[in-house]
Amino acid sequence: MALAAALLILLLASPAVYAADHTVGDSNGWSQSVDYTTWAKSQTFTVGDNLVFNYGSTHSVDVVSQSDYTNCNPSSPIKSYTGGSTTISLTTAGPMYFICPTPGHCQGGMKLAITVGASSPSPGGTPPATSSPPSGSSSPPPPTSTTTSSPPPPPSSSGATGDFGNLNVLMLVLALVLVGLHACMG
Ligand SMILES: [Cu+2]
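Owing to the predicted nature of the structure, the values given are computational and were not obtained by experimental measurement. (Residues numbered from 1 in each chain as written. Predicted model: local features only at pLDDT ≥ 70, side-chain atom pairs only at ≥ 80, totals over all residues. Heavy atoms only, no water.)

Enquirer: Explain the sheet that holds strand E5 (residues 79–81) residue by residue, including any values.
Expert: With mixed pairing, five strands are arranged side by side in an open sheet as E2-E8-E7-E4-E5. Since the sheet does not close on itself, it has two edges, and those belong to strand E2 (45–46) and E5, each with one partner. In terms of strand pairing, strand E4 (residues 61–64) meets strand E7 (residues 94–99) through three bridges, oriented antiparallel. When the sheet's bridge partners are listed, Val-63 is paired in E7 with Phe-98. (Pairing = 2+ DSSP bridges. Helix = DSSP H or I, 4+ residues; strand = E, 2+ residues; numbered from the N terminus.)

As structure tokens, this is what we get:
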């Protein structure tokens, strides 16, 4: 029971810790043959995700300001990456701008603007409620027992009102059997 609950909690919590990798340009990578405006629109960027740049030796990745993105100005990058494979983790919500600083490449389209959304809020809605018996169900009438030795019904953890009557009958039968056995032995 406790294990099942723990597993359920783990299952519900897992989407929150899941981080997506966004490969820039998909299979085309970071190159001069991709419309990154269109590509960016196809993605949903969330804090905790990673941006993966794959590129050839003639390219680099600069993180730049919005105006440097707009003007293709590579002279004052916020950060510069080289080496052919760069993974940038998206740690803050808001816009981010990238250009290739190789002369002419940004003007040719190697520029990327993304908007990082805040990490997903707590899982929307409450989990579907487990089946519960209707609260208005009529409870069985109090058992009228003629035997004085009938023990009270033990507290049932299942608590289903439907089982209550059956259990009481069972206990009554059991009590009668016990009384009969006692009479036989005595
Ligand atoms: Cu380039």
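Next comes the rest of the description.
Enquirer: I'd like to hear about unusual backbone geometry, residue by residue, with values.
Expert: Although it is not a glycine, Asp-26 adopts a positive phi angle of roughly 50°. Here Asp-26 shows up in the loop between strand E1 (21–23) and helix H2 (36–41). Among the residues examined, Asp-26 registers a relative accessible area of 42% and is labelled partly exposed. Positive phi is not limited to glycine here, since Cys-72 has a value of about 55°. With respect to the helices and strands, Cys-72 occurs in the loop between helix H3 (66–71) and E5. (Buried < 20%, exposed > 50% of the residue type's maximum accessible area, 1.4 Å probe, protein only.)

Enquirer: Kindly report on the coordination of the copper ion, identifying the contributing residues and their values.
Expert: Donor atoms from the polypeptide that coordinate the copper ion comprise His-59 (ND1), Cys-100 (SG), His-105 (ND1) and Met-110 (SD), at 2.0 to 2.6 Å from the metal. Around the copper ion, the four donor atoms sit at angles spanning 88 to 132°, and that spread fits a shape best called tetrahedral. Donor residues for the copper ion, ordered by position in the chain, follow H-x40-C-x4-H-x4-M. Of this pair, His-59 sits in the loop between strand E3 (50–54) and E4 while His-105 is found in the loop between E7 and strand E8 (111–117), placing the two residues 46 residues apart along the sequence. His-105 carries the same exposure label as His-59, and that label is buried. (Donors = N, O, S within 2.8 Å, 3.2 Å for Na, K, Ca; no water. Tetrahedral: all angles 85-135°; square planar, octahedral: opposite > 155°, others 65-115°.)

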